[in-house]
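# Structural characterization, general
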Amino acid sequence: MFARPCSIWIIFAAVILSGIVTDLQAQTRATVNRVRITQDDLTAMAKLLGISNPTPEQSEHLLDRHIERLLLSQFLDRQHVKLDSVMLDEQVGTFVNLADHAEKPLSELLSKRGLTESQLRDYLSLDLKWQAYASQVVTAARIQEEFEQHRSHYDGTRLSLRVLYKKLPAQTDQKQAVMQQLSALKHRIEAGEISFEQAAAEHSDSPTGKLNGGLVENVVFHGQTPKAITQVAFQIPEGAISEPFETQFGGHLVQVVSIKAGQFSLDDAYPIIFTQLSDELKAQTIQRLTAEATIERP
């Protein structure tokens, strides 16, 4: 007697559930160890980062970043890392101060971006939990070891350089020809046939190099000069010339004109070293977690 109504309700429920599953599938951008990342998650992240209308490239970057953050969150939970609620309140307080300056409640400022305070706290919490974990792994002894091994990177040592820059073509054979040209110039300079200053003025593809012979002064390891260049320059003795090397910017030849030793102590450099080692640890951890994880993108 009641078979027909029950069948109708079962069919109705199946239709509803089918619609929910379809909607979830449409919203899902990835699953990480069976945890879903939805389009709403990415939209919230974009708003937190101040990106209003992400391009397709930005959307992919946001997804990659969200996957990394989810992997870290899962890892830190397994490590039972506790969140410092006082520090979280201080971080949120920065945003509260901005709201006070604008003479508007924090909730109103966040709502303009379509966000809630809970979403803000969740975003800030992961960074604070990572700092707590890194402070356990990146010990004072490890920081001192890094300082002693690479003192000139952290003590404020300043170099005066001459840099000869060449644009590199996309074609491999043409790129090799440019690097060979740099090698030939190095030999001519070392043979005394031409000065580095003259070589830069005549052959550099950089306008600055042509004007002042490629001179770049007051170069510190952690400064405005690209790290790809300082990593080479800080290994060269005073007066010496590097081998030609390639970076994402092009081909380079570098001469160290002078070295002025820095005076910063370990205490001065401690925060910089901690941040660097923490970032390296995070990158290594993400790489390992990514390799171990089950990640699916529809």
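The rules behind each value
Counting restarts for each chain: residues are numbered from 1 in the order of the written sequence. Reporting in this predicted model follows two pLDDT cut-offs: at least 70 for local features of residues, and 80 or more for side-chain atom pairs to be given and counted; totals over whole chains, interfaces and linings ignore these cut-offs and use all residues. The basis for the side-chain values is all heavy atoms of the structure; hydrogens and waters are excluded. Exposure categories follow from relative accessible area, calculated using a 1.4 Å probe and restricted to protein chains: below 20% of the type maximum is buried, above 50% is exposed, and the middle band is partly exposed. In this text, helices come from DSSP runs of H or I with a minimum length of four residues, and strands from runs of E with a minimum of two, each type numbered from the N-terminal end. What makes two residues a contact is simply this: any of their non-hydrogen atoms within 4.5 Å. Stacked, edge-to-face and tilted labels apply to pairs of Phe, Tyr and Trp rings (six-membered ring for Trp) whose centres lie within 6.5 Å, assigned for plane angles under 30 degrees, over 60, and everything in between, in that order. By convention a nonpolar core is built from buried Ala, Val, Leu, Ile, Met, Phe, Trp, Tyr and Cys residues, the set being connected through side-chain atoms within 4.5 Å. DSSP-based pairing: two strands are paired if at least 2 bridges between them are found. All axes are obtained by fitting lines to C-alpha atoms, using only the stretch in contact for helices, and the reported angles, taken between N-to-C directions, cover 0 to 180 degrees.

### Quick word on helix α2 (residues 39-48)
Buried within α2 are the following residues: Leu42, Ala44, Met45 and Ala46. Its buried side turned inward, α2 meets β1 (28-32), β2 (35-38), α3 (56-78) and α6 (117-137). Count one or two residues on from α2 and you reach Gly50, which has phi positive near 80°.

### A short note on the packing of aromatic side chains
How two aromatic rings sit relative to each other is given by the distance of their centres and the angle of their planes. Tallied over the full model, the rule gives three aromatic pairs. Measuring from ring centre to ring centre gives 5.3 Å for Phe75 and Tyr133, while their planes differ by 90°; the resulting arrangement is edge-to-face. Placement of Phe75 in helix α3 and of Tyr133 in helix α6 is noted, with a sequence separation of 58 residues between them. As far as the burial class goes, Phe75 and Tyr133 line up, both buried. For the pair Phe221 and Phe234, a centre-to-centre distance of 5.4 Å together with 90° between the ring planes defines the contact as edge-to-face. You can see Phe221 sitting in the loop between β4 (215-219) and α12 (227-233) and its partner Phe234 sitting in the loop between α12 and β5 (245-246), a full 13 residues away along the chain. Relative accessible area serves as the criterion here: at 7%, Phe221 is assigned to the buried category.

### Side note on the nonpolar core
One finds Ile37, Ile67, Leu76, Trp130, Tyr133 and Ile273 to be the most contacted residues of the largest nonpolar core, which totals 27 residues. When contributions to this core are tallied by element, the ones reaching two or more residues are β1, α3, α6, α7 (140-149) and α13 (266-292). With seven residues, the top contributor of residues to this core is α3. Residues contacting Trp130, with those up to four places away along its chain left out, are Leu72, Phe75, Leu76, Ser278, Leu281, Lys282 and Thr285. Ranked by size, the runner-up nonpolar core spans twelve residues in total, among them Leu161, Phe234, Ile236 and Val256.

### Topic: the sheet that holds β5
As summarised here, the arrangement of the four strands in space is β4-β3-β6-β5, forming an open sheet in which the pairing is antiparallel. Looking along the sheet, the strands with just one partner apiece sit at the ends: β4 and β5. As paired strands, strand β3 (residues 158-166) and strand β6 (residues 251-260) are joined by nine bridges and run antiparallel to one another. For Arg158, the partnering residue across the bridge sits in β6 and is Lys260. Packing of helix α9 (residues 172-190) onto the sheet brings it into contact with β3, β5 and β6, and relative to β6 it is tilted by some 35°.

### Here we look at the pairing of β2
Inspection of the sheet shows β1 paired to β2 by four bridges, in the antiparallel sense. Counterpart to Thr28 in the pairing with β2 is Thr38. Once β1 ends, the chain turns through two residues before running back antiparallel as β2, passing Asn33 with a positive phi of about 50°.

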